Protein chains: 2
Amino acid sequence: MDIQDSPFARKLAAFVQLSSADIGAMSDVYKRRRKVPVGRDMVYQGQKDQAAYIIASGWVCSYKMLPGGTRQIVDFQLPGDFLGLRSVLFRTADHNALPITPVEASEVLPEDLLNAFTATPRLATAVLWAASRDEAMVVENLVSIGRRTATERTAHFLLELGARLKLVGLADKTGYKCPLSQYLLADTLGLSAVHINRVLRELREENLLIFQGGRVTFLNFEAVVALADFDRAYLDHDGPLLR
Amino acid sequence: MDIQDSPFARKLAAFVQLSSADIGAMSDVYKRRRKVPVGRDMVYQGQKDQAAYIIASGWVCSYKMLPGGTRQIVDFQLPGDFLGLRSVLFRTADHNALPITPVEASEVLPEDLLNAFTATPRLATAVLWAASRDEAMVVENLVSIGRRTATERTAHFLLELGARLKLVGLADKTGYKCPLSQYLLADTLGLSAVHINRVLRELREENLLIFQGGRVTFLNFEAVVALADFDRAYLDHDGPLLR
DNA sequence: GGCAGAAGCTGCTTCAGGTTAGCCTTGGTG
DNA sequence: CACCAAGGCTAACCTGAAGCAGCTTCTGCC
């Protein structure tokens, strides 16, 4: 695939206008292609000198295990997303990452990344921006779990996922394909799988949205946005911020 | 104050060895000093073209308001911390920031920041590292609220705060000065103030720690670490990672 | 010195969400 | 084709934390 058509380049280009030098530096970073099967961790908590990845296709979830066997999913990585940036900067991974669909990803070695930053600071700024955007999502999830009810936070999360997928052309207002199980949803939202099931049933019975058969379908988008107090602006912006 | 003695420089220097050029660029960023009184927001959600700040002294809390008047505190900024980096990158603040003690901070204008990044990529990398470290803390908080009990997460948070303060010389194993009220603690941990009060009483009655009179005192540090499942490593590292 | 406001503290009641325990469907596999 | 493992679904019961209401400091201030 041409680097310029990759979801990653599309995402960064939304933030900075990249020069041909930037794109060249990105190609260096973006070469070692790997396929990863479902169900085996790509990154382990505590692992040293871990590579980072840029996701080309598929879904990955980043999570932390707790003693007692429970886990908290922190974020999902979708096509175009960076995985494990923090692990590279800290030299030790602080979480696990598990593909939940078959994944194609490019390995990014720490040296390549740091060299690219030194050679082309605009790229560094763009990556910083992308990282910030992901953090904004983690923050939103924190607010959800801390202060929203189970129904509100479920609705909020499904809207957010939709917004992210729309950015890479994988969703529209009517809904999107979603490979998540109710168990994954539960571990994301800090709920039990049983309770998630109750919540999804209620959302369905009130004609708000359907989570079924690997697909999320919005029956009444506006009502869901209102219920979740979803801020439409927080993922959007109006084009490159740096020229 | 000499730039090299600032808590900010000390923090960054723990990650990269900064050259004199880096320090020069940092001085440009780090000049407009401001004093901010307690109780008036420094940053408002939705505000455009907001400056960022580097905290020289005092405590700030970043929070999000929800309809219904509840709020979730997302993070605290302590001396040496960056405040509002995301607001600069996105050109719109996505949260509020409130000083909880009198604060001295240096204003950082978006141009200065981006110029400094272009001139000295090492500085950009260092700032990326610092931002990642803060995000790691938000993540830890997410895990706490999602999957830990009220007691565990309270203990965990107070340990984490201690670890951060130790980094800038404001805490030791016996405890630290802490200007937080039980209300702030509640809004951080996703609990009610009433319940926080009960939890703190239990921690006190079991001779684990005392949160009283603007001070946190650990009575049995090891037991608190065990209770909270606190990962001692996740804030530590062994010196500059980039040379 | 008395008042106001913030912070801390406690008991009682209520409820959101967890736990346990099954059942049903689907799809993969020896 | 029978078995079994995931995932989905539901009901009955339990509990941790919230909500409410009211009390006690402590501090600053007119």
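A short tour of the structure in this document, coming up. As the structure is a prediction and not an experimental result, all values here were calculated from the model.

**Quick look at the relation of the copies chain A and chain B**
Two copies of a chain can be linked by a rotation about an axis combined with a shift along that same axis.
Stage number 1. Between chain A and chain B, which share one sequence, the superposing operator has a rotation angle of 180 degrees and an axial displacement of 0.0 Å; the RMSD is 0.0 Å. What we have between these two chains is a two-fold relation. If distances are taken from each C-alpha of chain A to the rotation axis, the shortest is found for Leu142(A), at 2.6 Å.
Stage number 2. An overlap of 100% is found between the interface residues of chain A and their copies at the interface of chain B, pointing to a shared contact surface.

**Considerations on the sheet that holds strand E2 (residues 52-57) of chain A**
All names here are of chain A.
Stage number 1. An order of E1-E7-E2-E5 is seen for the four strands of this open sheet, with the pairing classed as antiparallel. Every interior strand has two partners, whereas the edge strands, strand E1 (33-36) and strand E5 (82-83), have only one.
Stage number 2. Across two bridges, the pairing between E2 and E5 is antiparallel. In the sheet register, Ile 54 faces E5, and the bridge partner there is Phe 82.

**Structural notes on the protein's contact with DNA strand C**
Stage number 1. With respect to spatial proximity, 17 residues lie near DNA strand C, and among them Ser192(A), His195(A), Arg198(A), Gln182(B) and Arg201(B) are the closest.
Stage number 2. Near-protein atoms of DNA strand C (within 4 Å) split between backbone and bases, with sugar and phosphate holding 62%.
Stage number 3. Contact distances for DNA strand C include 3.3 Å between a phosphate oxygen and a side-chain N or O atom of Asn197(B).
Stage number 4. Gln212(B) is positioned such that a nitrogen or oxygen atom in its side chain is 3.4 Å from a phosphate oxygen of DNA strand C.
Stage number 5. For the surface near DNA strand C, the elements supplying multiple residues, two or more each, are helix H6 (150-167) and helix H8 (193-205) of chain A together with helix H8 (193-205) of chain B.
Stage number 6. No other element matches the five residues that H8(B) contributes to the surface near DNA strand C.
Stage number 7. Residues of the surface near DNA strand C, tallied by class, amount to four nonpolar, eight polar and five charged.

**Quick notes on the sheet that holds strand E11 (residues 215-218) of chain B**
Residues and elements named next belong to chain B.
Stage number 1. Pairing in this open sheet of four strands is antiparallel, and the strands run E8-E9-E11-E10 from one edge to the other. One side of each edge strand has no neighbouring strand; the edge strands of this open sheet are strand E8 (171-172) and strand E10 (209-212).
Stage number 2. Pairing geometry for E8 and strand E9 (residues 175-177), over two bridges, is antiparallel. The residue bridging Asp 172 from the neighbouring strand is Gly 175, located in E9.

**Quick look at the packing of aromatic side chains**
Residues and elements named next belong to chain A.
Stage number 1. Per the stated rule, a full pass over the model turns up six aromatic pairs over all chains.
Stage number 2. With 5.9 Å between their ring centres and 45 degrees between their planes, Phe 76 and Phe 157 make a pair best called tilted. Separated by 81 residues along the polypeptide, Phe 76 in strand E4 (residues 71-77) and Phe 157 in helix H6 bring together distant segments of the chain. Pair check on accessibility: Phe 76 and Phe 157 agree, each one buried.

**Here we look at empty space enclosed by the protein**
One simple way to see leftover space: roll a probe sized like a water molecule over the atoms.
Stage number 1. Evaluation of the coordinates by the stated rule reveals eight cavities of 30 Å³ or more.
Stage number 2. Together, 38 residues line the largest cavity, and Ala131(A), Glu135(A), Ala131(B), Ser132(B) and Glu135(B) are the ones closest to its centre.
Stage number 3. The dominant element in the lining of the largest cavity, judged by the number of residues it contributes, is helix H5 (residues 121-147) of chain B, at nine residues.
Stage number 4. In the lining of the largest cavity, the residues fall into 18 nonpolar, eleven polar and nine charged.

**Quick look at the environment of Trp59(A)**
Residue and element names in this part refer to chain A.
Stage number 1. Summarising the element assignment, Trp 59 is placed in the loop between E2 and strand E3 (60-65).
Stage number 2. Trp 59 gets classed as buried once you look at its relative accessible area, which sits at 7%.
Stage number 3. Along the sequence, Trp 59 and Ala 130 sit 71 residues apart, while their C-alpha atoms lie 17 Å from each other.

**Remarks on the packing of helix H6 (residues 150-167) of chain B against helix H7 (residues 182-189) of chain B**
Residues and elements named next belong to chain B.
Stage number 1. Interaxial distance between H6 and H7 falls to 11 Å at its minimum, and their mutual angle equals 105 degrees. When the axis of H6 is compared with that of H7, the two are roughly perpendicular. Judged by residue contacts, Arg 153, Thr 154, Phe 157 and Leu 158 of H6 engage Leu 185, Thr 188 and Leu 189 from H7.
Stage number 2. For the contact of H6 with H7, the residue count by class is four nonpolar, two polar and one charged.

**Observations concerning the interface of chain A and chain B**
Stage number 1. Chain A puts 42 residues into the contact, and the matching count from chain B is 42 residues.
Stage number 2. Summed over both sides, the interface between chain A and chain B buries roughly 4,200 Å², with carbon and sulfur atoms accounting for 70% of that surface.
Stage number 3. When the buried area of chain A at its contact with chain B is split by residue, Leu128(A), Leu142(A) and Arg147(A) rank highest and sum to 18% of it.
Stage number 4. Counting every contact that joins chain A to chain B gives six salt bridges.
Stage number 5. Glu135(B) is paired through a salt bridge with Arg86(A); the nearest N and O atoms lie 3.5 Å apart.
Stage number 6. Applying the counting criterion to the chain A and chain B interface returns ten residue pairs in polar contact (both at pLDDT 80 or more).
Stage number 7. Those elements giving two or more residues to the side of chain A that touches chain B turn out to be E4, helix H3 (85-90), helix H4 (110-119), helix H5 (121-147) and helix H7 (182-189) of chain A.
Stage number 8. Here the element with the most residues in the side of chain A that touches chain B is H5(A); it accounts for 17 residues.
Stage number 9. Residue classes in the side of chain A that touches chain B are distributed as 22 nonpolar, eight polar and twelve charged.

Parameters and conventions
Residues numbered from 1 in each chain as written. Chains lettered and ligands numbered in written order. Predicted model: local features only at pLDDT ≥ 70, side-chain atom pairs only at ≥ 80, totals over all residues. Heavy atoms only, no water. Least-squares fit on C-alpha atoms with pLDDT ≥ 70 in both. Contact = heavy atoms within 4.5 Å. Pairing = 2+ DSSP bridges. Helix = DSSP H or I, 4+ residues; strand = E, 2+ residues; numbered from the N terminus. Near = heavy atom within 4 Å. Polar contact = N/O pair within 3.5 Å; in protein donor to acceptor, adjacent residues only side chain to side chain. Nonpolar A, V, L, I, M, F, W, Y, C, P; charged D, E, K, R; others polar. Phe/Tyr/Trp six-rings, centres within 6.5 Å; stacked < 30°, edge-to-face > 60°. Buried < 20%, exposed > 50% of the residue type's maximum accessible area, 1.4 Å probe, protein only. 1 Å grid on protein atoms, 1.4 Å probe; cavity = no way out; pocket = protein on both sides within 12 Å on 5 of 7 lines; lining within 4 Å. Points joined across faces, edges and corners; volume = space filled by probe spheres on them. Axes fitted to C-alpha atoms, helices over the stretch in contact; angles between N-to-C directions. Parallel < 35°, antiparallel > 145°, perpendicular 65-115°, else oblique. Buried area = accessible area lost by both parts, 1.4 Å probe. Salt bridge = Lys/Arg side-chain N within 4 Å of Asp/Glu carboxyl O.

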